[in-house]
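Descriptive analysis of the structure
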Amino acid sequence: MNIVKLDIPEIIVYEPKVFDDERGCFFESFNQKTLEGVIGRKLEFVQDNYSVSKRGVVRGFHFQLPPMAQGKLVHVVRGEVLDVVVDVRQSSPSFGRWTSQLLTSDNRKRMWIPEGFAHGFLVISEVAEFNYKVTNFYCPEKEVTLSYSCIDLDWRRYLPIGVELLVSDKDKMGEQLDVLVSSERVFAQN
Ligand SMILES: Cc1cn([C@H]2C[C@H](O)[C@@H](COP(=O)(O)OP(=O)(O)O[C@H]3O[C@H](C)C(=O)[C@H](O)[C@H]3O)O2)c(=O)[nH]c1=O
């Protein structure tokens, strides 16, 4: 297993060990014991999610507030995405900062996103199939949408000229971080 360090230490990216042979390849797409060893905490995933998106789709940023906060273990089954997380923990030294990683079916990278981060991604390939495990059930009442435009990222530079962003109405209404802070819809100071 190869671990990729990002500039926000709580976000962990790793590449599973791949066993190639003349038939093709094998790798453990998920191993709880291995992952708990890397992350250093117990994990209990309760739900698997799967989304299929066209090139140019931006999903997010979404997060759920306590007590329904979700840790997420994400990966790409087919295609390529730019996966982006934003720290929404007010007590964190990296509050408001973001980091990203290209996740593809070829690089087989998995990204662990703990509770307290808003998550989203841009689809770069023609189609992307995105699969992730979450540590808490979906709770729309506790879900918050942070605007995908709240960070200094030019999403379009990852797309061919002429391909426009495709964003849901809900995500188009995503709010800026300062609004979420003033309405106490971020992770509170400890
Ligand atoms: C997330 C979720 C959604 N839904 C239903 C609700 C809607 O009727 C439909 C589409 O939901 P939404 O537009 O919120 O899907 P995404 O934009 O892919 O949301 C995801 O986007 C970013 C990338 C994330 O990290 C979140 O986990 C997740 O919110 O699925 C469910 O029934 N269960 C669920 O767990």
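Residues numbered from 1 in each chain as written. Predicted model: local features only at pLDDT ≥ 70, side-chain atom pairs only at ≥ 80, totals over all residues. Heavy atoms only, no water.

1. Observations regarding a nonpolar patch on the surface
Taken together, the side chains of Tyr50, Val52 and Val77 make up a nonpolar region of the molecular surface, amounting to roughly 280 Å² of accessible area. Position of Val77 among the secondary structure elements: in strand β7 (residues 72-78). (Patch = residues over 30% accessible without salt bridge, like charges linked within 9 Å, V, L, I, M, F, W, Y side chains within 5 Å. Areas by Shrake-Rupley, 256 points an atom, 1.4 Å probe, with all protein chains shown as cover. Salt bridge = Lys/Arg side-chain N within 4 Å of Asp/Glu carboxyl O. Helix = DSSP H or I, 4+ residues; strand = E, 2+ residues; numbered from the N terminus.)

2. Regarding the confidence of the model for the protein chain
Residues of the protein chain with pLDDT of at least 70 account for 99%, and the chain-wide mean is 96. For this predicted complex, the interface confidence comes out at an ipTM of 0.97, alongside a pTM of 0.96. (pLDDT = per-residue confidence, 0-100.)

3. Considering unusual backbone geometry
Trans is the prevailing form of peptide bonds, just as negative phi is the prevailing case for residues other than glycine. With an omega dihedral of 0°, the bond running from Gly60 to Phe61 counts as a cis peptide bond. Within the secondary structure, Phe61 sits in strand β6 (residues 57-64). Going from Pro66 to Pro67, the amide bond is cis rather than trans, its omega being 5°. In this fold, Pro67 is placed in the loop between β6 and β7. Even without being glycine, Glu184 reaches a positive phi, approximately 55°. By the element assignment, Glu184 lies in the segment after α3 (177-182). By relative accessible area, which is 69% here, Glu184 ends up exposed. (Buried < 20%, exposed > 50% of the residue type's maximum accessible area, 1.4 Å probe, protein only.)

4. Some points on the pattern of salt bridges
Enumeration according to the criterion identifies 12 salt bridges in this entry. Here Lys170 makes a salt bridge to Glu143, at a shortest N to O gap of 2.8 Å. Residue Lys170 is found in helix α2 (residues 169-172), and its partner Glu143 is found in strand β13 (residues 143-145); the two are separated by 27 residues along the sequence. Overall, Lys170 belongs to the partly exposed group, its relative accessible area being 37%. Of the residues examined, Glu143 reaches a relative accessible area of 23% and is grouped as partly exposed.

5. Regarding the nonpolar core
Of all hydrophobic cores here, the largest spans 25 residues; its most connected members are Phe61, Phe63, Val88, Leu122, Leu146, Trp155 and Leu165. Of all the elements in the fold, those that place two or more residues in this core are β6, β8 (80-87), β11 (117-123) and α3. Excluding its chain neighbours within four sequence positions, the residues that come into contact with Val88 are Phe63, Phe95, Gly116, Phe117, Ala118, Leu146, Leu177, Val186 and Phe187. Judged by nonpolar contacts, the second largest core, of 20 residues, contains Leu6, Val76, Phe117 and Tyr132. (Core = buried A, V, L, I, M, F, W, Y, C linked by side-chain atoms within 4.5 Å. Contact = heavy atoms within 4.5 Å.)

6. Re the environment of Val76
With respect to the helices and strands, Val76 occurs in strand β7. Separated by 29 residues in sequence, Val76 and Ser105 place their C-alpha atoms 5.3 Å apart. Setting aside residues up to four positions removed in sequence, Val76 forms contacts with Val81, Leu103, Thr104, Ser105, Glu129 and Phe130.

7. Quick word on the site of the ligand
The immediate surroundings of the ligand are formed by Gln47, Asn49, Arg59, His62, Lys72, His119, Phe121, Tyr132, Tyr138, Glu143 and Lys170. At the level of elements, β5 (47-54), β6 and β11 are the ones that each hand at least two residues to the shell around the ligand. Counted by class, the shell around the ligand contains three nonpolar, four polar and four charged residues. (Near = heavy atom within 4 Å. Nonpolar A, V, L, I, M, F, W, Y, C, P; charged D, E, K, R; others polar.)

8. With respect to the pairing of strand β2 (residues 12-15)
Where strand β1 (residues 2-5) lies against β2, four bridges are found, and the strand directions are antiparallel. Residue pairing in the sheet places Asn2 in a bridge with Glu15 of β2. Between β1 and β2, which pair antiparallel in sequence order, lie six residues. With three bridges joining them, β2 and strand β10 (residues 110-113) adopt antiparallel strand pairing. Bridge assignment links Val13 to a residue of β10, and that residue is Met111. (Pairing = 2+ DSSP bridges.)

9. Some thoughts on the environment of Val186
Checked against the element boundaries, Val186 lands in the segment after α3. By relative accessible area, which is 6% here, Val186 ends up buried. As a C-alpha pair, Val186 and Leu146 span 40 residues in sequence and 9.8 Å in three-dimensional space. Setting aside anything within four residues of it in sequence, one finds Val186 in contact with Phe63, Leu65, Val88, Gln90, Leu177, Leu180 and Val181.

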